[in-house]
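What follows is each chain in one-letter form.
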Amino acid sequence: MAALATLRSASSLFGGYRFIYKNLVAAHSHVWDSVRPNLHLQQRWYAVSHLSVQERIDKKREAARLGGGQARIDAQHKRGKLTARERVELLLDPDTFVEYDMFVEHRCSDFGMDAAQNKYPGDSVVTGQGRINGRLVYVFSQDFTVYGGSLSGAHAQKICKIMDQAVLVGAPVIGLNDSGGARIQEGVESLAGYADIFLRNVLVSGVVPQISLIMGPCAGGAVYSPALTDFTFMVKDTSYLFITGPDVVKSVTNEDVTQEELGGAKTHTAVSGVAHRAFENDVEALLNLREFFNFLPLSNKDPAPVMECHDPSDRLVPGLDTVVPFESTKAYDMLDIIHGIVDERDFFEIMPNYAKNIVVGFARMNGRTVGIVGNQPKVASGTAQEYGGIIRHGAKLLFAFAEATVPKITIITRKAYGGAYDVMSSKHLRGDVNYAWPSAEVAVMGAKGAVQIIFRGKENQAEAEAEYVETFANPFPAAVRGFVDDIIQPSSTRMRICRDLEVLVNKRQTNPWKKHANIPL
Amino acid sequence: MAAPRVTSGLQRVLLMLKNVHFKSGYHIVASRKQYSTVYDPNEKTFEKILIANRGEIACRIIKTCKKMGIKTVAVHSDVDSSAVHVKMADEAVCVGPAPTSKSYLNMDAIMEAIRKTRAEAVHPGYGFLSENKEFAKRLAAEGVTFIGPDTHAIQAMGDKIESKLIAKNAKVNTIPGFDGVVKDTDQAISIAREIGYPVMIKASAGGGGKGMRIAWNDEETREGFRFSSQEAASSFGDDRLLIEKFIDNPRHIEIQVLADKHGNALWLNERECSIQRRNQKVIEEAPSTFLDPNTRKQMGEQAVSLAKAVKYSSAGTVEFLVDSQRNFYFLEMNTRLQVEHPITECITGLDLVQEMIRIAKGYKLHLKQADIPIKGWAIESRVYAEDPYKSFGLPSIGRLSQYIEPRNLTNVRVDSGIKEGSDISIYYDPMISKLVTYGSTRADALQQMVEALDNYVIRGVTHNISLLREILVHPRFVKGDISTKFLPEVYPDGFKGHQLSDNGRRELLATAACLYVALQLRSRRFLGNQRVSTSHKEQNRWELSLNLDKDTHVVTVFSTGSLFTVELDGKRLNVTSEWNLASALLPVTIDGTQRTMQCLSRDASGNVSLQYLGTVFKIQVLNRKAADLNKHMPEKVPEDSGSILRSPMPGSVVAVSVKPGDMVSEGQEICVIEAMKMQNSMTAARTAKVKTVHCKAGDTVAEGDILIELGMD
């Protein structure tokens, strides 16, 4: 019974492939023959036995470089997409790519797949290692021109090989996803391949950085690999992520939805939060990925990178002294503060269009990579938030701050009311350095609500509110207890943080031994 | 001490030095030769002055007060509570909410502030209450000194017709014309014919060039009469009209006067203010290239005789129109400190604010006409938060995210009242600063101004530096061949930024290419141990492809240290710079030519915005590989997100500040949404006319609801 249940759920999970695959093929008005007809005899040279081994090596390499052939390369370009190899070349430093498994072929013999003309050296993925700004990275790039980039057992094996090696040497893995789904002809072999990758995604998590860049379709079970990696980026208009495609959605719930609406970059960066950022096209995505890569450490045993920095660490930022409006209810832009503080105003924002009440991303302080979490005072609370599980989401954030052992610096710029004060890396959650700006207000709740409780029935509510504001709407209650280390002039914030990070560089902290933590999900 | 007759500025300074020597109680506080505040601590002055103004002029006045040992009181609106003038003053009083009618023009509140702070005198600056006789009267009634002329002079000069009459009687050249009630169209036409076409028609009570109509024939006179008489009745409740000779292609030249309460008056030379847009001054200089000493003297003497005729005391300005034959005609007299007073201070060495304070206190001028020099040349550029590509300047607003004034340069004076982080709001004048440069010659002052503009960092708001810089280097301006029509004549199709020459384009592209290479090289420079590959040597040859204005340029850069050699268009250029990638300024030397560019933005996709010769150019720099592959990338049609404003959150509409048909400028507030007790200002994404308004104050809106739709421009 249990086995059956698993099987059934698996079939419902992966059952989408076929539809999607067909759908994609049809959509591109280019009929993909599951088995290639025996027409391209001129391409069968490598099977001819009178060639020497060297000639056969050369011919196979040449064939591997051509993937699914010029016609399909042209079709790929026509869709506004680059080929798997072009992508790798653009991502890596020139002439640094070292390719593995160029000679690997699929091992399927059903449906006539074992005919020589149905085999492509390297199969439907390009794998290897190279350098980004001189630093080592392992890469796989799915080749849509070969069987729509579908995942065969061999394809999965190639990916697993580089992932294993990446862990061995401690280097990040970047996946460039462009695949129609499972190789249907291979059946369970293909499903096994996916699971092999998933397992590695899980085990590697927290050991080396894993980044997925979705540059074409990624559907059905294939979506779990990007979802398991640390960062998922997408290309606008040409990439999709979904479990079941529009056809299945239509047949099950009778909803009409396009691929773009269902799983396009906009959906996943603004609505579902599955993807962390989207870029205009392949070229921009790959160039941005190079920049992003420079923020990350190579592995959990390597330090975060420190770049040469031209921005003085003691630079004062006069604009910050006036950034928080005088009126306590008027909004301001947390990005103004972040841009002012970080090196060269350079902030790589993660998920800029999702959950806009919090700003997250990477930047550098005196050349050192920092992660930034900022409250963007923008969004109202209401039933939707409560029904959306705000409690669990809030707990998740609290958990992450409390568990983190990296240097943690907190600035209270204005309101820190109630749970928000505790959650946002408060002193009590092991914040290393906690500052308040003079505009900080730290209290259990806002004046109006508090007064209704404390001074219930009192005649002059306004007077009571004023008294409450006088007592609590300032940084002193936290400062006198040592919950903030200092009240600082906003313009000195950058200087302070840079100095503190230097002090904290040797911070060592360990959490109690445990099998694993249980972050609320 | 008998004043010796001195003829030059140098002698005047020597005289002062002598004074200092003999009366050691004298103090000279010179701020870099721009003007000297010479004061005698024994000369009793006001204890405390309230400045009924904001921004740069309030700061300017406070500076002199400080030098004179006078305590200062700033007044401010609530949004200005952390403004520079508030911080500079010894005391500050909030006089109301943001709209000027409720704060800076709120006489009751200002009077109350005066009482509360016991200020003895009020300096009104310019604008606001500076020429308001009612205000002057109320001050007098409470025994507070108004630092400016008395109410009689304000009133006399404030009325177009009366001022002309007085001018005529004082033997000041006036424009032939008629002022008074015109009873019908026929009378208007006969007056116009008598004066001779072209004529100018406007309501007497209207200030400046407001509502001015030019008629070249009877038909246009008829039309102008109808328009102006309507306006006179409806806007001013005053039927009188002004019909006078229209001076075609005139120059606007004004004389600064200084008069005390003892009948002494001086003229402090002229200011050339011909470069204007929509009757507002953009660039001023002193002296004028156009005046010969004789004309100058005549104008000066007439200005003084007018001042004497109205028993003027304080600093004032007599404006003239000057035609191509150097005939000059009285236009009006401004009974206040002018915006452009710094250029007069630069060439005379006088501190006009100090003189105004002394005069108000009742002291005699301690200078004679012969003591007034013309020392060197001064130019003032009005740096505005506005988009010069639209009608030579439509206001823009925003927060100054980065702001660095070119104060490190010599012979540069910047009068401003804002700092990094300040908001340029819709409530007040969008002026960022007055940038003043001076030199011993006009060429020096011009050169320094160009330099100063290139080194001026203003981010977060659109500004007019591109226009200012183009005017300053235009051959007609350099020759001094200017008139009030300069801008529409030189840019008949509107201002479109600097037009690149072939050489300029090469300089720009070469710099963009080198900046790209510098960034690429830097992105490999890790300081910690990052296991960077040592097997690949640093790249020193870069094949790049640059896109500028839809043209593609193939560029090769060879890098050796901080020196880059660039090959483009078959030419070789050597480019050196420190390549400080954090600095807002990007000084480069290209084949020996020094340029100060600014990199406004850059991204990983190779897009870079460079300010070159004042104008911002957008360039995309890609390596050859990326450029080759880029041709496969689909052309994307930009989403029209600028036309529809949606509510970004659920909340309630607190205020809607526009109605259908209104013009809004980019960044202007359209409505305010309150959510979670936070007020969020919704702003226009671009300059356009409001098509429809879908919300009103008090409405509750959901996230994504359409608030406003904008039409096409």
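- As recorded in an unreviewed UniProt entry, chain B goes by the name Propionyl-CoA carboxylase alpha chain, mitochondrial, listed as coming from Polypterus senegalus.
- Taken verbatim from the UniProt record of chain B, the Cofactor (unreviewed entry) comment is "biotin".
- In its Pathway (unreviewed entry) section, the UniProt record describing chain B reads: "Metabolic intermediate metabolism; propanoyl-CoA degradation; succinyl-CoA from propanoyl-CoA: step 1/3."

- In the nomenclature of an unreviewed UniProt entry, chain A corresponds to Propionyl-CoA carboxylase beta chain, mitochondrial from the organism Polypterus senegalus.
- Comment text from UniProt for chain A, heading Pathway (unreviewed entry), reads "Metabolic intermediate metabolism; propanoyl-CoA degradation; succinyl-CoA from propanoyl-CoA: step 1/3."
- The Subunit (unreviewed entry) comment attached to chain A in UniProt states, word for word, "The holoenzyme is a dodecamer composed of 6 PCCA/alpha subunits and 6 PCCB/beta subunits."

**Brief notes about the overall build of chain A**
- A tally of regular secondary structure across chain A gives 20 helices and 17 strands.
- Taken across its 521 residues, chain A has 50% of its residues classed as buried.
- In chain A, of all internal contacts separated by at least 6 residues, the share reaching a separation of at least 24 is 69%.
- Of the roughly 23700 Å² that chain A leaves accessible, carbon and sulfur atoms contribute 58%.

**Focus: helix α14 (residues 465-473) of chain B**
- Counted residue by residue, α14(B) has eight buried out of nine residues, so it is predominantly covered.
- Of all the residues in α14(B), the buried ones are Ile465(B), Ser466(B), Leu467(B), Leu468(B), Arg469(B), Glu470(B), Ile471(B) and Leu472(B).

**Considering the sheet that holds strand β17 (residues 486-487) of chain A**
Residue and element names in this part refer to chain A.
- Judged by pairing direction, the sheet is parallel, and its three strands sit side by side in the order β13-β15-β17 without closing on themselves. Either end of the sheet is taken by a strand with one partner, and the two such strands are β13 (409-412) and β17.
- Note: β13 against strand β15 (residues 433-436), four bridges, orientation parallel. When the bridges of β15 are listed, Ile412 appears paired with Ala436.
- Against the sheet, helix α20 (residues 493-503) engages β13, β15 and β17, with an angle of about 160 degrees to β13.

**Section: the side chain of Thr413(A)**
All names here are of chain A.
- You can see Thr413 is positioned in the loop between β13 and β14 (415-417).
- When its relative accessible area of 9% is taken as the criterion, Thr413 is described as buried.
- Polar side-chain contacts of Thr413 include one of 2.8 Å to the side chain of Tyr332.

**Structural notes on the environment of Leu500(B)**
- Within the secondary structure, Leu500(B) sits in the loop between α16 (486-490) and α17 (502-522).
- Non-local contacts of Leu500(B), meaning those with residues more than four positions away in its chain, are made with Arg505(B), Leu508(B), Leu548(B), Tyr612(B) and Phe617(B).

**Overview of the pattern of salt bridges**
- Summed over the entire model, instances satisfying the criterion amount to 68 salt bridges over all chains.
- With a closest N to O distance of 2.9 Å, Arg87(A) and Asp282(A) form a salt bridge. One end of the pair, Arg87(A), is in helix α5 (residues 84-91); the other, Asp282(A), is in helix α12 (residues 282-293), and 195 residues separate them in sequence.
- Residue Arg87(A) is classed as buried on the basis of its relative accessible area of 0%.
- Ionic pairing is found between Lys281(B) and Glu340(B), a salt bridge with its closest N-O pair at 2.8 Å. With Lys281(B) in strand β14 (residues 280-286) and Glu340(B) in the loop between β16 (328-334) and α11 (341-348), this pair connects stretches of sequence that are 59 residues apart.

**Notes on the sheet that holds strand β41 (residues 706-710) of chain B**
- Strand order in the open sheet formed by four strands is β34-β41-β39-β36 (chain B), with antiparallel pairing between adjacent strands. Each of the sheet's edge strands pairs with one partner strand only, and the pair in question is β34 (644-646) and β36 (663-664) of chain B.

**A word on the pairing of strand β9 (residues 199-203) of chain B**
Residue and element names in this part refer to chain B.
- By the criterion of burial, β9 is predominantly enclosed, with five of the five residues buried.
- As judged from the three bridges shared by β9 and strand β10 (residues 213-215), these two strands associate in the antiparallel manner. If you follow Ile201 over to β10, its bridge partner there is Arg213.
- Sheet topology note: the β9/strand β11 (residues 241-245) ladder contains five bridges and is antiparallel. The partner of Lys202 across the bridge, within β11, is Leu242.

**Points about the interface of chain B and chain A**
- On the side of chain A, 62 residues touch chain B, which itself brings 51 residues to the contact.
- For the pair chain B and chain A, the two sides together bury roughly 4700 Å², of which 54% comes from carbon and sulfur.
- Here chain B and chain A share six salt bridges between them.
- Two residues, Arg602(B) and Glu344(A), come together in a salt bridge whose shortest N-O distance is 2.6 Å.
- Applying the counting criterion to the chain B and chain A interface returns 20 residue pairs in polar contact (both at pLDDT 80 or more).
- Breaking the side of chain B that touches chain A down by element, the ones donating at least two residues are α17, β33 (615-623), α18 (624-630) and β38 (678-683) of chain B.
- With four residues, α18(B) is the single largest residue contributor to the side of chain B that touches chain A.
- Residues that form the side of chain B that touches chain A fall into these classes: 17 nonpolar, 22 polar and twelve charged.

**What to know about the packing of aromatic side chains**
- Scanning the model with the defined rule gives 27 aromatic pairs over all chains in all.
- Taking the centre distance of 5.8 Å and the plane angle of 65 degrees together, the rings of Phe292(A) and Phe362(A) count as edge-to-face. A residue pair is termed long-range when its members are at least 10 positions apart, and Phe292(A) in helix α12 and Phe362(A) in strand β11 (residues 358-365) qualify at 70 residues.
- Its relative accessible area of 0% is what places Phe292(A) among the buried residues.
- Taken together, Phe231(A), Phe233(A), Phe279(A), Phe292(A), Phe295(A), Phe348(A) and Phe362(A) form an aromatic cluster joined through their ring pairs.
- Lying over the aromatic face of Tyr35(B), Arg60(B) brings its terminal NZ or CZ to 4.3 Å of the ring centre.
- Over the face of the ring belonging to Phe477(B) we find Arg442(B), whose NZ or CZ atom lies 5.0 Å from the ring centre.

Each value, and the rule that gives it
- Residues numbered from 1 in each chain as written.
- Chains lettered and ligands numbered in written order.
- Predicted model: local features only at pLDDT ≥ 70, side-chain atom pairs only at ≥ 80, totals over all residues.
- Heavy atoms only, no water.
- UniProt positions renumbered as here; feature names shortened; annotations may be inferred.
- Helix = DSSP H or I, 4+ residues; strand = E, 2+ residues; numbered from the N terminus.
- Buried < 20%, exposed > 50% of the residue type's maximum accessible area, 1.4 Å probe, protein only.
- Contact = heavy atoms within 4.5 Å.
- Areas by Shrake-Rupley, 256 points an atom, 1.4 Å probe, with all protein chains shown as cover.
- Pairing = 2+ DSSP bridges.
- Axes fitted to C-alpha atoms, helices over the stretch in contact; angles between N-to-C directions.
- Polar contact = N/O pair within 3.5 Å; in protein donor to acceptor, adjacent residues only side chain to side chain.
- Salt bridge = Lys/Arg side-chain N within 4 Å of Asp/Glu carboxyl O.
- Buried area = accessible area lost by both parts, 1.4 Å probe.
- Nonpolar A, V, L, I, M, F, W, Y, C, P; charged D, E, K, R; others polar.
- Phe/Tyr/Trp six-rings, centres within 6.5 Å; stacked < 30°, edge-to-face > 60°.
- Lys NZ or Arg CZ within 6 Å of the ring centre and 35° of its normal.

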